[in-house]
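# Examining the three-dimensional arrangement
Below, each chain spelled out in residue letters.
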Amino acid sequence: QIFAPPTASSQRRSLPSAAPPLPPSYPSGSCCLEEAGCLEARMPLVHLVAFILAPLSMASAACMDGDSDTCHTKYGTRFGHDLLPSFMLAEGYVNFNHGSFGATPRAVMEAQRRYQNQMEARPDQWFRDDYFTCVNDAREAIAEYVKAPSSDDIVLVENASGGVNAILRSMLWQAGDVVLFLSSAYPMVKHTAGWLGESNPSVKVKEVQLGKDWPAAGGEAVLKPLKEALAENKDKTRLVIVSHITSVPAVILPVEDIVKLCRQHSASAGGDVQVLVDGAHALGQIPIDLVGLGNPDFYISNGHKWLYSPKGSAFLYVRSERQLSLSPEPNVISSSGKQDFVGRFSYTGSRDYTAFCAIKDAFKFRQHVGEKRILEYTEGLARWAAKLLSRTWGTRVIAPLDSQAFMINVQLPTNSTAVAVELQERLKTDYDTYIVVANLSNLVYTRLSAQIYLERTDFQRLADLVPLMIEKLDRKRSQLQ
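Anyway, here's the lowdown on the structure attached to this text. (Residues numbered from 1 in each chain as written. Predicted model: local features only at pLDDT ≥ 70, side-chain atom pairs only at ≥ 80, totals over all residues. Heavy atoms only, no water.)

Attention now moves to the overall build of the protein. Looking only at helices and strands, the protein features 16 helices and 12 strands. For the protein, buried positions account for 55% of its 481 residues. Look at the contacts in the protein between residues 6 or more apart in sequence, and 72% of them connect residues 24 or more apart. A total of about 20,500 Å² of accessible surface is found on the protein, and carbon and sulfur atoms cover 52% of it. (Helix = DSSP H or I, 4+ residues; strand = E, 2+ residues; numbered from the N terminus. Buried < 20%, exposed > 50% of the residue type's maximum accessible area, 1.4 Å probe, protein only. Contact = heavy atoms within 4.5 Å. Areas by Shrake-Rupley, 256 points an atom, 1.4 Å probe, with all protein chains shown as cover.)

Right, here's the structure in full:
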């Protein structure tokens with residue numbers, strides 16, 4: 001069962017309902033996801049007829065506008081609140097922070113539980129045979145999705161943090177090597193690079209500070225500072241670490257241009273500049289074409305954020321010529337004794353690997369919802385919300401819309417970080433709503449995530465609520481002074 005039927009409790013308690021047609025209800029049975037026509041066969045006739053008659057071009061256009069009233073999955077289920085029962089979010093909870101931890105669909109979680117049952121039923125069969133078939137299927141699915149040259153260049157890791165640590169901790173460093181990372185890097189990258197510099201003083205770790213045009217100029221703002229840093233370090237730069245989509249604020253960086261810049265520097269200044277892309281937020285949010293991006297040396301991305309796979313599922317791509325006998329090594333070296341790149345990462349001790357297996361079920365979920373419609377609806381909703389919020393609050397979107405995808409960054413109607421933090425807490429406790437707030441160069445803003453289970457009414461409510469709450473918080477603070 002891919003889509004759970006909506007119930008009264010699945011509707012937002014404080015939001016008006018447009019009373020859209022109910023999605024199909026699929027009774028329990030042995031119908032497998034792989035069976036052609038399975039979902040259509042279980043669709044009530046009225047919904048099947050409506051689906052057949054719906055013009056696909058109109059549906060696609062509606063999805064691009066983020067309009068849940070007219071954007072439907074290819075099986076007739078309405079995007080937005082009608083998809084809430086397909087997730088495991090608490091009743092009434094409004095999740096504007098999908099970007100941090102994701103939200104796994106119910107069908108994917110149920111698939112993971114089936115793998116767990118299979119593992120516990122026959123442990124030896126699972127750990128010696130079935131698991132490897134499962135993980136290889138997942139690697140091949142990811143390789144096809146991100147257009148990797150070969151699935152043999154893809155391994156699975158628990159998260160982007162594990163992938164970055166595997167590269168930095170096992171790379172064969174030489175005295176005088178320089179590692180560059182941008183000031184926009186995720187804290188995990190900064191902390192791991194910092195550990196490297198402290199544990200191996202012969203390696204110089206340097207943070208490249210972005211200019212005042214960041215993030216207003218979008219991802220292009222990183223190119224000039226990075227070029228200057230490469231020139232400053234001449235042939236000493238060994239590794240450049242960049243995000244594909246930065247975390248806070250969320251901005252898409254021009255990875256292809258960065259890879260090209262580093263390769264050109266290697267050719268002109270000598271040395272061998274390798275590029276590690278932290279794509280933690282990219283998989284499932286924007287199309288990834290590793291070859292088209294210039295084939296970076298290393299690429300890492302999470303599945304649990306935007307692909308809809310369970311927590312503990314991510315991939316690490318390593319160019320074939322960077323796969324050495326001793327590097328990269330997984331963070332745990334196991335008893336398997338395997339020496340090849342895929343073999344080293346395939347088994348890292350006795351643990352629950354079922355999140356890896358459920359990656360293929362996340363792809364099935366996306367296929368049944370409609371891959372193109374997921375991308376169109378979520379980005380369309382994000383852009384619609386960015387315009388609405390900035391207009392309602394009298395503020396601005398702090399980065400170009402074309403450098404943002406499912407996550408938007410909008411200035412809050414307050415200059416106080418303390419008020420923003422209190423706003424975040426009050427939304428969480430009083431309205432069961434979560435947003436991210438941040439401060440960049442005294443600009444107070446929120447990073448908000450769009451998702452297929454959200455709709456325009458959610459953002460409209462937030463747009464109306466935030467100024468009233470800030471006014472109340474300001475009044476309270478002035479009374480205490």
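This part takes up the nonpolar core. By size, the foremost hydrophobic cluster in this structure holds 110 residues, and its most contacted members are Val146, Tyr299, Phe315, Leu423, Ile452 and Phe459. Ranked by residues supplied to this core, first place goes to helix 14 (residues 371-393) with 10 residues. Once you skip the residues sitting within four places of it in the chain, isoleucine 452 turns out to touch Phe79, Gly80, Leu83, Phe87, Tyr308, Phe365, Val369, Ile374, Tyr377 and Thr378. Counting residues in hydrophobic clusters, the runner-up holds 29 residues, among them Ile167, Met188, Leu196 and Val203. (Core = buried A, V, L, I, M, F, W, Y, C linked by side-chain atoms within 4.5 Å.)

Cis geometry marks the peptide bond from tryptophan 214 to proline 215, where omega comes out at 0°. Summarising the element assignment, proline 215 is placed in the loop between strand 4 (204-208) and helix 9 (223-233). Cis peptide bonds are those with omega within 30 degrees of zero, and the linkage from serine 327 to proline 328 qualifies with -5°. Tracing the sequence through the fold places proline 328 in the loop between strand 8 (314-318) and helix 11 (341-346). Positive phi is not limited to glycine here, since tyrosine 308 has a value of about 85°. Its place among the elements puts tyrosine 308 in the loop between strand 7 (298-302) and strand 8. You will see that serine 441, though not glycine, has its phi angle at about 55°, which is positive.

With that out of the way, let us pick up the state of the cysteines. Using the criterion set out here, one finds two disulfides in the structure. Disulfide pairing is shown between cysteine 63 and cysteine 71; the S-S distance is 2.0 Å. Given an S-S torsion of about 85°, the disulfide between cysteine 63 and cysteine 71 has right-handed geometry. A disulfide bridge connects cysteine 134 with cysteine 357, and the sulfur atoms are separated by 2.0 Å. Residue cysteine 134 is located in helix 6 (residues 123-145), and its partner cysteine 357 is located in helix 12 (residues 354-357); the two are separated by 223 residues in the primary sequence. A single burial state applies to cysteine 134 and to cysteine 357, both of which are buried. (Disulfide = S-S within 2.5 Å.)

To continue, consider the side chain of lysine 305. Residue position: lysine 305 is located in the loop between strand 7 and strand 8. Buried charge lysine 305 goes without a salt bridge, the closest partner of opposite sign being aspartate 278 at 8.6 Å. For lysine 305, the side chain forms a polar contact with the main-chain oxygen of glycine 99, separated by 2.9 Å. Leave out the neighbours within four places in its chain, and lysine 305 touches His98, Gly99, Ser100, Gly102, Ala280 and His281. (Lys, Arg positive; Asp, Glu negative; His and termini not counted. Salt bridge = Lys/Arg side-chain N within 4 Å of Asp/Glu carboxyl O. Polar contact = N/O pair within 3.5 Å; in protein donor to acceptor, adjacent residues only side chain to side chain.)

Our focus in this paragraph is helix 8 (residues 187-199). Over its 13 residues, helix 8 runs 18 Å from end to end, which matches the ideal 18 Å to within 8%, given 1.5 Å per residue. Listing the buried residues of helix 8 in full gives Met188, Val189, Thr192, Ala193 and Leu196. Buried residues of helix 8, viewed axially, fall in a sector of 125°; they line one side. Exposed and facing more than 90 degrees away from the buried side of helix 8 are His191 and Glu198. Buried residues in helix 8 make contact with helix 7 (160-170), strand 3 (178-182), strand 4, strand 5 (237-243) and strand 6 (274-278). (Expected span 1.5 Å × (residues − 1). Arc of directions from axis to C-beta.)

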